[in-house]
Amino acid sequence: MKNYITTPIYYVNGEAHIGHAYTTFIADSLARYSRLIGNETYFLTGTDEHGQKIEESAQKQNKPTQIFADEISATFRNLWNEFDISYDQFIRTTDETHKTGVQAAFEKMYAKGDIYKDFYEGNYCVSCETFFPESQLMDGGCCPDCGRATTIVKEESYFFRLSKYEKPLLDYYEAHPEFILPKSRRNEVISFVRGGLNDLSVTRTSFSWGVHLPASLNEPKHVMYVWLDALMNYVTALGYGTDEANMDFWPANVQLVGKDILRFHAIYWPAFLMSLDLPLPKHIAAHGWWTRDGEKMSKSKGNVVDPREVSQHYGAENFRYFMMREVPFGQDGDFSQRALIDRMNSDLSNDLGNLLNRIIGMSEKYSNLLVDSADVEKFHAKELNDAHAVLATLEPYFYELQLHRYLEELWKVFSIGNKAIEEHAPWVKIKEGRTDEALATVALVANLLAKASVMLHAIMPKTTATIADALGFEITTESYNDLIIHKGLLKPFTIKKVPPLFPRVEEPLMQEAPKAMSEEAPKVELKQMDDKKVSTVAEEGVITIDQFFQTSIKIGTVLNAQEVPKSSKLLKLHVDLGEETPRQIIAGIREYYSAESLIGTQVCVVANLKPAKLMGMLSEGMVLAAKDSEGLSLIRPEKPRLSGSSVG
Ligand code: MSP
């Protein structure tokens, strides 16, 4: 199957930010997944370089427009290269082949009678490169999309007969309910079209930085409307109007866009395609908007998240995982370092990283690093079946772009692995001489990790390649078929000792963003308080949510408990926090609990407390308890939870 995936092409009037990175990460994941399962895949991204806005930005910097566009376009391409984005083509609207293709399209629409010449007078927003009818303007004649002032422009213009396509578009939406994703956005588009479509002005004479009309029209003053120029990139990239070499990739399978540009992609774009007698893409998929720490990002606030900075501090793939996992596709998302750190520590470090560390540790101790799947089915058929059942449900989530659900489900495989280690405690079996069983558990977990890594590959390509390498295989379509489709097991291999892939992050690694809005608000409040001679007591004794989350509280399972000699108060506990080795915790609870009664029970542990010595013994955490006049009671989860689960 041929699978064509596109991102929007990014304006070259500023550098890439988190919103651009998000679309590109999703598209890259879709493309990688598609290649993995054996589809012939073409992934397009690029830059949108024409229009008045770009011309003006270049002038402000005193640079020739082409040089300015070259520089910014290169920053996008470099960033994607740094992020290992697997695009097949990086198109620029200043490419000659693109320009020729757009002219060919214009000619075809004109010949068909879908483009005609007239005059246009209207309120034009330079920033959005769009005309708006009076009825849509905000107070003071401002743009309804970006809020900036619009200007009245009267000019000779060519028009595209968008009105002609009102009914065909509505019929198309009706017949193809999956055309606009997520479905919740579909109604929005339909009601817009039902409200009536005006013909669209598709040329400009007020500036010259754009694609010129085809020579056959002899209109040197006119350049093309940037949205006509830009949207056409999706087919000119495949050779439309030039060599047509890759046109068999058309129609695209998924075209990703942000919700702000859905109208252009779900109305104008299909109308242009209908006019060109080209089939429509299968899905136009609109994602939500990212904010930072709950605030809209803007250059003036200085709170724009720079994807390079995040990746330098936290790792590109961890960042990428976070973005996909954190936000359901289509909904708005919030970037905060706290949320990123939590995902890294709990999902990546605890669930995934520890699993690898544990099997490396155990196979080193028990089998000289050799892992053999021979006895896995004999001792662990249930776990294997459970994992295969989970893996079999994953694929549709990818097609529906529900990547957060995909990952959530995939993580169940790690839970099966972690649980198997706890329940089958290979270290006990080894002591009992049941070596076959112990090694089968280690091999089971290695296989689960291998299978899950194959399915995580599209989202974390390098990390999973490292895991696969440690487990003696390579992630390819062949291994996907073998391990996932045919449910095969790993051939015997010597596990490679890799350093921990996800060291825990204890505190934010980047400087926090300036809080433009919230800085102003408290100032006013404090002043009022001063005026009324009210002290700021209310502020004292209160912590922020971020301060609370500095404490890492986890569920621990007590593996062992002993009385501390010569102490009437202390017990020595060995508590499993889902890490490679259990923690030793010295707890002052002997007056209330006997050592035996604690073994096998769960407790809540402060896990990031600096280790301390009590009666000469190291204590690596603190168990939580509540005490009143009637005694002391440990704080425990209401139902058993996996060791290492975060409390909070
Ligand atoms: N050049 C046009 C697209 C033409 S496609 C034929 C454009 N460029 S853009 O650079 O302004 O925006 C590109 C994408 O970034 C859009 O999909 C937009 O939704 C996305 N984002 C810009 N800011 C964003 C956030 N804060 N959050 C999420 N995505 C956002 O529009």
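Residues numbered from 1 in each chain as written. Predicted model: local features only at pLDDT ≥ 70, side-chain atom pairs only at ≥ 80, totals over all residues. Heavy atoms only, no water.

Caption draft 1: Representation of the domain arrangement of the protein chain in the model. Taken domain by domain, the protein chain holds domain 1 (338-494) and domain 2 (551-647). Computed over C-alpha atoms only, the centres of domain 1 and domain 2 are separated by 29 Å. In this complex, domain 1 contributes nine residues to the contact, which on the side of domain 2 involves nine residues. Between domain 1 and domain 2, a total of about 750 Å² is buried, with carbon and sulfur atoms accounting for 44% of that surface. Sorting the residues of domain 1 by area buried against domain 2 places Asn 350, Arg 358 and Glu 422 first, and these three jointly supply 53% of that buried surface. (Domains from an automatic or database assignment. Contact = heavy atoms within 4.5 Å. Buried area = accessible area lost by both parts, 1.4 Å probe.)

Caption draft 2: Seen up close, the pairing of strand S5 (residues 115-125). Relative to strand S7 (residues 151-160), S5 is paired through 10 bridges, and the arrangement is antiparallel. Bridge pairing links Phe 119 to Glu 156 in S7. Bridge count between S5 and strand S6 (residues 130-132): three bridges; the pairing is antiparallel. Note on S6: the bridge partner recorded for Tyr 124 is Phe 131. Linking S5 to S6, which pair antiparallel, is a turn of four residues; within it Glu 129 sits at a positive phi near 55°. (Pairing = 2+ DSSP bridges. Helix = DSSP H or I, 4+ residues; strand = E, 2+ residues; numbered from the N terminus.)

Caption draft 3: A look at the site of the ligand. Every one of the 23 residues lining the ligand counts as a neighbour, but Ile 9, Asp 48, Gly 258, Asp 260 and Trp 290 are closest to it. With respect to the ligand, the side chain of His 17 contributes an N or O atom lying 3.4 Å from a nitrogen atom. His 20 is positioned such that a nitrogen or oxygen atom in its side chain is 3.2 Å from an oxygen atom of the ligand. Per-element accounting of the shell around the ligand gives the leading share, three residues, to helix H7 (residues 226-231). Counted by class, the shell around the ligand contains 13 nonpolar, eight polar and two charged residues. (Near = heavy atom within 4 Å. Polar contact = N/O pair within 3.5 Å; in protein donor to acceptor, adjacent residues only side chain to side chain. Nonpolar A, V, L, I, M, F, W, Y, C, P; charged D, E, K, R; others polar.)

Caption draft 4: Spatial organisation of the packing of aromatic side chains. Scanning the entire structure with this criterion turns up 30 aromatic pairs. Members of the aromatic cluster, connected to one another through ring pairs, are Tyr 22, Phe 25, Phe 83, Trp 290, Phe 319, Phe 322 and Phe 335. Directly above the ring of Tyr 11 sits Lys 53, whose terminal nitrogen or CZ lies 3.8 Å from the centroid. It is Arg 263 that lies over the ring of Phe 264; its NZ or CZ is 5.5 Å from the centre. (Phe/Tyr/Trp six-rings, centres within 6.5 Å; stacked < 30°, edge-to-face > 60°. Lys NZ or Arg CZ within 6 Å of the ring centre and 35° of its normal.)

Caption draft 5: Quick look at the confidence of the model for the protein chain. With 95% of its residues at a pLDDT of 70 or more, the protein chain has an overall mean of 91. This model gives residues 516-540 a pLDDT under 50, and the stretch forms nine contacts once residues within four places in sequence are excluded. (pLDDT = per-residue confidence, 0-100.)

Caption draft 6: Up close: helix H4 (residues 96-111). The terminal C-alpha atoms of H4 lie 23 Å apart, and with 16 residues this matches the ideal 22 Å at 1.5 Å per residue to within 8%. When H4 is considered as a whole, its buried residues turn out to be His 98, Gly 101, Val 102, Ala 105, Phe 106 and Met 109. On an axial view of H4, the arc spanned by its buried residues comes to 140°, and they lie on one face. Facing away from the buried surface of H4 by more than 90 degrees, the exposed residues are Glu 96 and Ala 111. (Expected span 1.5 Å × (residues − 1). Buried < 20%, exposed > 50% of the residue type's maximum accessible area, 1.4 Å probe, protein only. Arc of directions from axis to C-beta.)

Caption draft 7: How the structure looks around unusual backbone geometry. Note the cis peptide between Leu 181 and Pro 182, where omega equals -10°. Within the secondary structure layout, Pro 182 lies in the loop between strand S8 (180-181) and helix H6 (186-194). That bond from Trp 250 to Pro 251 is cis: its omega, 5°, falls within 30 degrees of zero. Here Pro 251 lies in the loop between helix H8 (233-236) and strand S12 (254-258).

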